[in-house]
Every structure is written in structure tokens, then in C-alpha cells.
Amino acid sequence: MRDKKDNATIDLPGFEPAAPLVAAAVVHAVAPNTEPKRTPRPRRAAMKQEQLTLLEETDTTGLPVWRRDDNLDLTGLPVWAPATPA
């Protein structure tokens, strides 16, 4: 497969022109049933989906509702309070 605008692209294997169908018919006529028959794979049962309930209340975008916490700053990091003497 070669890009028309890029002459530096290489030809990838498997994108060459197809062989004529007549040659394929001759190959099958010469060696019929040389491939072993393959049994179809059993299908796996599809997993059932279930709706999970969220632990926190969310807004319309699905993000948790903002709650102001005195122990956290606006970035969500803990507020460093000076150590109280015992």
C-alpha cells in the first residue's frame, strides 16, 4: 500500500495484486481435501452488564459533587496546621 503523496513509503506485504481465480481453481482440482476439516469454536456466553451504584453523589457530568472541607485546600491537598502542644 503506497501513499500517492509520499514516494518514500515502502510497499507492505500482503497488498500486492490478487492472483487470478483460474489458478486457484486449478490448485484445488489438483489437491482436493488436503486440509483437515476444522471444527467451529464454541461460542462464549456474553457477560451480562449490571448498573453499579456510585459511592458518592454525582452531578450531571458524572463527577462527584464538590463539597467544601476545612481540612483540605482548594486543590484537595491537606491543610498543614501547626502542631498543638500537649
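Everything discussed here concerns the structure shown above.
Residues numbered from 1 in each chain as written. Predicted model: local features only at pLDDT ≥ 70, side-chain atom pairs only at ≥ 80, totals over all residues. Heavy atoms only, no water.

### Describing the overall build of the protein
Counting its regular elements, the protein contains one helix and zero strands. A buried classification covers 0% of the 86 residues belonging to the protein. Of the roughly 9,900 Å² of accessible surface on the protein, a fraction of 60% belongs to carbon and sulfur atoms. (Helix = DSSP H or I, 4+ residues; strand = E, 2+ residues; numbered from the N terminus. Buried < 20%, exposed > 50% of the residue type's maximum accessible area, 1.4 Å probe, protein only. Areas by Shrake-Rupley, 256 points an atom, 1.4 Å probe, with all protein chains shown as cover.)

### Observations regarding the environment of R68
Considering the arrangement of structural elements, one finds R68 in the segment after α1 (21-30). A residue is classified by how much of its surface remains accessible, and R68, at 56% relative accessible area, is exposed. With residues up to four places along the chain from it excluded, the contact list for R68 reads D73 and L74. (Contact = heavy atoms within 4.5 Å.)

The values are spatial; any link to function lies outside them.
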